[in-house]
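Chain by chain, the residues:
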Amino acid sequence: MAVDVLLGLQWGDEGKGKIVDVFAPKYDIVARFQGGPNAGHTIVFDGKKFVLHLIPSGIFHPNTACLIGNGVVIDPVTLKKEVETLIKAGIPVREHLLISRKAHLILPTHKLLDAAREERRGEQKIGSTLRGIGPTYSDKIGRAGIRVGDIELSDFQERYAGAVNGHKEFLDMYGYQYDLTTWQAEFDDAIEFLRSLKLVDSEHYLHEAQEAGKKILAEGAQGTLLDIDFGSYPFVTSSTTTTAGACTGLGIAPGSIGRVFGIFKAYCTRVGSGPFPTELHGEEGDELRRAGGEFGATTGRPRRTGWLDLPALKYAVRINGVTDLIMMKADVLQIRSEIKVGEAYRHQGQLRYDLPYSLEDGQLEPVWRSFPGWEEDITGVRRASEVPHALREYVNWLEQEIGVPITYLSVGPDRAQTLEMHSNEAVSPRGFDF
Ligand code: GDP
Ligand code: IMO
Ligand code: MG
């Protein structure tokens, strides 16, 4: 059975969590394939709101198993808190959550290193969430990491001490002041907790599930423009956020990838540093931030806002082999009488429709195309036939430019505020039927 993939096409926070939750009833397994607690995936239903950092967004559906794959980096402290919060809310997490033994662990000293390295970058700082992501992936690639499966080995403590001593040498070299006492106690406690969860050899688990005809959805974190290879380097995260990451982060063969759902906002946001060619500054940007509630789900930082960047979106669609587009937060733009899209760039005196090597601010001037706004409340729209004409025109134009259908549209944060664009059937508020 093919594995479907759902991922972000921009700089993260596109609304992946919401759509994974909407799709989950139709899948037997939802598997996160990369990233770590830098992610914040928001799910809203029945008047409740949850933000997940590590646990896959399928966890609210009783018949869906949730796997944290080998490509994810896990902070056991965050995981423990998240599991406990969900159990308190009545979600039977322990029964549905599986964790790959090959996933790497974020140690307290990884978080210290993240902070120390950001501080040293000064003006050039990445704007990291400081969750230890970069240092943990560096250790993984440098063959010095600690994996979840190591906690079951008799020499775990020696392995752990070896890694920590290595980190301390760097921290001392940087002259970084720290006190590990509280973090260490929390970490030890969280490792005990982790031992009580279901640890699995996830690639075997997924292969057997595929052979048994189970439906699997791979859930991405961050977005394509934050990808370590294809994002706005060095202002990126440290993992492969693209479809290829689902193969390495789960052990799925490239040929078994099925549909690829690419999620994008009807506009654009970015949190952290780095270039953002279509960014809106001043009151226009603030207005969009307020209307979209654009504050980070993990750090609470205000998100930078701007118009849709078409060359970047086309690039992301190609890199990922997107088969279905999903447009989010169309309701937010109802505040505007005019909608803009950056349809090309002016770069070194030339018109460019693709993404240049460097996106450095100031070197790229967007070429704008304007659309009339829909200026009406669409948060109650549930069928394609109810979509206002102006929004339908915007969607049609994007589909034509990109060459991929916009299959679903989201008109609010709630699970129920989702509609199919190419069918006039209303979607069940419990989730989609493909
Ligand atoms: P993720 O990281 O991709 O899962 O996205 P986040 O949860 O970080 O950010 C998306 C934010 O937009 C969350 O606050 C969601 O509740 C909210 N959201 C998702 N879809 C919609 C939508 O269609 N309209 C509005 N207004 N909000 C939405
Ligand atoms: P979700 O899954 C938005 C950004 C950070 C920073 C850069 C590197 O919720 O979409 P890191 O902590 O990985 O070293 O930070 O990446 N970033 C995100 N931005 N959404 C996310 O995740 C992000 N995860 C990391 O702000 O600019
Ligand atoms: Mg998020």
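This one's a predicted model, so the numbers in the text were calculated from it and none came from an experiment.

Points about the overall build of the protein chain
Scanning the protein chain from terminus to terminus reveals 12 helices and 20 strands. The principal-axis extents of the C-alpha atoms in the protein chain amount to approximately 65 × 50 × 40 Å. The proportion of buried residues among the 434 residues of the protein chain is 59%. When contacts within the protein chain are restricted to residue pairs at least 6 apart in sequence, long-range pairs at least 24 apart make up 76% of them. For the protein chain, the accessible surface area stands at approximately 17700 Å², while carbon and sulfur atoms represent 49% of it. Distance between charge centroids for the protein chain: 1 Å, based on 48 positive and 59 negative side chains.

Overview of the sheet that holds strand β10 (residues 216-219)
The 10 strands lie next to each other as β9-β7-β5-β2-β10-β1-β11-β15-β19-β20, forming an open sheet whose pairing is mixed. The sheet is open, and its two borders are formed by β9 (198-200) and β20 (418-420), each paired with just one other strand. Adjacent strand axes in the sheet meet at a mean angle of 25° when their direction is disregarded. Sheet topology places strand β5 (residues 65-68) next to strand β7 (residues 97-100); three bridges connect them, and they run parallel. Among the inter-strand pairings, leucine 67 is bridged to a residue of β7, identified as leucine 98.

Side note on the site of ligand 1
Among the 19 residues in the neighbourhood of ligand 1, the closest are listed as Gly15, Lys16, Thr42, Asp331 and Ser410. Between ligand 1 and the protein, one listed contact pairs an oxygen atom with a backbone N or O atom of glycine 17 at 2.8 Å. The contact in question runs from an oxygen atom of ligand 1 to an N or O atom on the backbone of glycine 40, over 2.8 Å. Within the complex, the protein chains bury 92% of what would otherwise be the 580 Å² of accessible surface of ligand 1.

Topic: the site of ligand 2
Taken together, the neighbourhood of ligand 2 is formed by 21 residues, with Asp13, Lys16, His41, Thr129 and Thr237 sitting nearest. The contact in question runs from an oxygen atom of ligand 2 to an N or O atom on the backbone of glycine 127, over 3.4 Å. Here valine 271 contributes a backbone N or O atom positioned 2.9 Å from an oxygen atom of ligand 2. Taken by itself ligand 2 offers 550 Å² of open surface, and the protein chains cover 97% of this. Split by residue class, the shell around ligand 2 holds eight nonpolar, 10 polar and three charged.

Points about unusual backbone geometry
The omega torsion across tyrosine 233 and proline 234 is 5°, close enough to zero to call that bond cis. One non-glycine residue, glutamine 222, lies in positive phi territory at about 55°. On the basis of relative accessible area, glutamine 222 is assigned to the buried category, the value being 8%. The residue glutamate 375 is not glycine, and still its phi comes out positive at about 45°. Accessibility expressed as a relative area gives 52% for glutamate 375, which makes it exposed.

Quick look at the environment of glycine 274
In this structure, glycine 274 sits in the loop between β12 (268-270) and α10 (282-292). Distance in space between the C-alpha atoms of glycine 274 and glycine 306 is 14 Å, their sequence separation being 32 residues.

Re the coordination of the magnesium ion (ligand 3)
The magnesium ion (ligand 3) binds to the protein through Asp13 (OD) and Gly40 (O); the donor distances cover 2.1 to 2.2 Å. Residue aspartate 13 is located in the loop between β1 (3-8) and α1 (16-23), and its partner glycine 40 is located in the loop between β2 (29-32) and β3 (41-45); the two are separated by 27 residues in the primary sequence. Relative accessible area serves as the criterion here: at 11%, glycine 40 is assigned to the buried category.

Considering the nonpolar core
Looking at soluble globular proteins, one finds that nonpolar side chains tend to be buried together. Judged by nonpolar contacts, the single largest core of 58 residues is most densely connected at Met327, Leu391, Tyr394 and Leu398. If one sorts the elements of this core by residue count, helix α12 (residues 389-402) sits on top with seven residues. In this structure, leucine 398 is in contact with Phe264, Leu308, Leu310, Met327, Gly403 and Ile406, ignoring residues within four places of it in sequence. The next biggest cluster of nonpolar side chains, apart from the first, holds 49 residues, and it includes Phe45, Phe156, Val164 and Leu194.

A closer look at the packing of aromatic side chains
Taken as a whole and judged by the stated rule, the model has 12 aromatic pairs. With centroids separated by 5.1 Å and ring planes inclined at 15°, the aromatic side chains of tyrosine 160 and phenylalanine 187 adopt a geometry described as stacked. Of this pair, tyrosine 160 sits in helix α6 (residues 156-174) while phenylalanine 187 is found in helix α7 (residues 181-195), placing the two residues 27 residues apart along the sequence. Take tyrosine 160 and phenylalanine 187: they sit in the same class, and that class is buried. These aromatic residues form a ring-pair network of at least three members: Phe371, Trp374, Tyr394 and Trp397. Over the ring of phenylalanine 193 we find lysine 80, and its NZ or CZ is 5.8 Å from the ring centre. The side chain of arginine 117 reaches across the aromatic face of phenylalanine 170, ending 5.3 Å from its centre.

Rules used throughout
- Residues numbered from 1 in each chain as written.
- Chains lettered and ligands numbered in written order.
- Predicted model: local features only at pLDDT ≥ 70, side-chain atom pairs only at ≥ 80, totals over all residues.
- Heavy atoms only, no water.
- Helix = DSSP H or I, 4+ residues; strand = E, 2+ residues; numbered from the N terminus.
- Buried < 20%, exposed > 50% of the residue type's maximum accessible area, 1.4 Å probe, protein only.
- Contact = heavy atoms within 4.5 Å.
- Areas by Shrake-Rupley, 256 points an atom, 1.4 Å probe, with all protein chains shown as cover.
- Lys, Arg positive; Asp, Glu negative; His and termini not counted.
- Charge placed at Lys NZ, Arg CZ, Asp CG, Glu CD.
- Pairing = 2+ DSSP bridges.
- Axes fitted to C-alpha atoms, helices over the stretch in contact; angles between N-to-C directions.
- Near = heavy atom within 4 Å.
- Polar contact = N/O pair within 3.5 Å; in protein donor to acceptor, adjacent residues only side chain to side chain.
- Nonpolar A, V, L, I, M, F, W, Y, C, P; charged D, E, K, R; others polar.
- Donors = N, O, S within 2.8 Å, 3.2 Å for Na, K, Ca; no water.
- Core = buried A, V, L, I, M, F, W, Y, C linked by side-chain atoms within 4.5 Å.
- Phe/Tyr/Trp six-rings, centres within 6.5 Å; stacked < 30°, edge-to-face > 60°.
- Lys NZ or Arg CZ within 6 Å of the ring centre and 35° of its normal.

Nothing here speaks to function; it is geometry throughout.
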